Amino acid sequence: MAGELTAKGRATRSRIVEGAATVLREKSVAAATLEDVMARTRTSKSQLFHYFPTGKDELLLAVAQFEADRVLEDQQPYLGRLDSWEAWDEWRDVVIERYESQGDQCPLGSLFLQVGRSTPGARAIVSGLMSRWQESLEAGIRALQAADLVPGGIDAGLRAAALLAGVQGGVSILLSTGRSDHLRAALDQGIADLRGTAHALT
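What counts as what
Residues numbered from 1 in each chain as written. Predicted model: local features only at pLDDT ≥ 70, side-chain atom pairs only at ≥ 80, totals over all residues. Heavy atoms only, no water. Core = buried A, V, L, I, M, F, W, Y, C linked by side-chain atoms within 4.5 Å. Buried < 20%, exposed > 50% of the residue type's maximum accessible area, 1.4 Å probe, protein only. Helix = DSSP H or I, 4+ residues; strand = E, 2+ residues; numbered from the N terminus. Contact = heavy atoms within 4.5 Å. Axes fitted to C-alpha atoms, helices over the stretch in contact; angles between N-to-C directions. Parallel < 35°, antiparallel > 145°, perpendicular 65-115°, else oblique. 1 Å grid on protein atoms, 1.4 Å probe; cavity = no way out; pocket = protein on both sides within 12 Å on 5 of 7 lines; lining within 4 Å. Points joined across faces, edges and corners; volume = space filled by probe spheres on them. Nonpolar A, V, L, I, M, F, W, Y, C, P; charged D, E, K, R; others polar. Left-handed = near helix turned anticlockwise from the far one by under 90°.

1. A few points about the nonpolar core
- Counting 56 residues, the largest nonpolar core has Trp88, Trp91, Trp133 and Leu137 as the members making the most contacts within it.
- For this core, the leading source of residues is helix 4 (residues 56-73), giving 8 residues.
- Excluding residues within four positions of it along the chain, Trp91 makes contact with Gln75, Tyr78, Leu79, Leu82, Trp133, Leu137, Leu163, Val167, Leu187 and Ile191.

Pasting the structure below:
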């Protein structure tokens, strides 16, 4: 549908998705209705179904993609320029700030509970998010290698995967307990381990 839209149509669809995201953050996903979204976005029912023909679940998946994109956008510009230890420390700080401010509420997780985490659409969104996040971390490690800050022989992909797994584990615990200790530990230890490889250069 999105590929068939005019520029004006894409703008309208984006406005609906962003408005729906705001509504769903203010209310629980289960409690929010299409009428709430229509009121917030000043959209008629016919307009809403023009852009989301199958209704609420299709809209929820679009919002889930929006929230997934926001996860990475909130880490910029730091995630896109991990070419120094200072940059890694700045990225670490913004990740912790993001998830501590979010607390034990996860908009993306709530959306997936509603539409079903195992549905093809939801799986594709999660897989895409994790792939892009890991690729950005891997690119950052390769940038450190290019700057001779870590050895060229370390497996950048493996290190990025381990760091992302640590972050996700820390976020999961934060969502369960409201505490960010484990997220902080995962980031600090992951970056410290990466720094530790620099001794092989001396």
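2. Quick word on unusual backbone geometry
- Here the bond from Gln76 into Pro77 is cis, since omega is 5°, no more than 30 degrees from zero.
- One can find Pro77 in the loop between helix 4 and helix 5 (85-102).
- One non-glycine residue with positive phi stands out, namely Arg42, at about 55°.
- Position of Arg42 among the secondary structure elements: in the loop between helix 2 (34-41) and helix 3 (45-51).
- Among the residues examined, Arg42 registers a relative accessible area of 78% and is labelled exposed.
- Located in the positive-phi region is Asp148, a residue other than glycine, with phi close to 60°.
- With respect to the helices, strands and loops of the structure, Asp148 is situated in the loop between helix 7 (120-146) and helix 8 (156-177).
- You can call Asp148 exposed: its relative accessible area is 59%.

3. What to know about the packing of helix 5 against helix 7
- Closest axis-to-axis distance for the helix 5/helix 7 pair is 10 Å, and the angle between their directions is 155°. Classified by the angle between their axes, helix 5 and helix 7 sit roughly antiparallel to one another. Here Trp85, Trp88, Trp91 and Tyr99 of helix 5 come into contact with helix 7, specifically with Trp133, Leu137, Gly140, Ile141 and Leu144.

4. A look at the layout of surface pockets
- There is about 380 Å³ of room inside the largest pocket.
- For the lining of the largest pocket, the residue count by class is 13 nonpolar, 6 polar and 5 charged.
- Its boundaries defined by the atoms lining it, the second largest pocket holds a volume of some 270 Å³.
- Leu24, Gln105, Cys106, Pro107 and Ser110 are, among the 16 residues lining the second largest pocket, the residues nearest its centre.
- Looking at the lining of the second largest pocket, the elements that each hand over two or more residues are helix 1 (7-26) and helix 6 (107-115).
- Considering each element in turn, the lining of the second largest pocket owes the most residues, 5 residues, to helix 6.
- Residues belonging to the lining of the second largest pocket are distributed by class as follows: 8 nonpolar, 5 polar and 3 charged.

5. Remarks on the packing of helix 1 against helix 2
- Viewed as axis vectors pointing N to C, helix 1 and helix 2 meet at an angle of 120°, and their least axial separation amounts to 9 Å. Looking at the two axes, helix 1 sits oblique to helix 2. Where helix 1 crosses over helix 2, the handedness of that crossing is right-handed. Along its contact with helix 1, which presents Arg15, Ile16, Gly19, Ala20, Thr22, Val23 and Glu26, the element helix 2 presents Asp36, Val37, Arg40 and Thr41.
- Taken together, the residues of the contact of helix 1 with helix 2 break down into 4 nonpolar, 3 polar and 4 charged.

The quantities given are spatial measurements derived from coordinates; they are silent on function.
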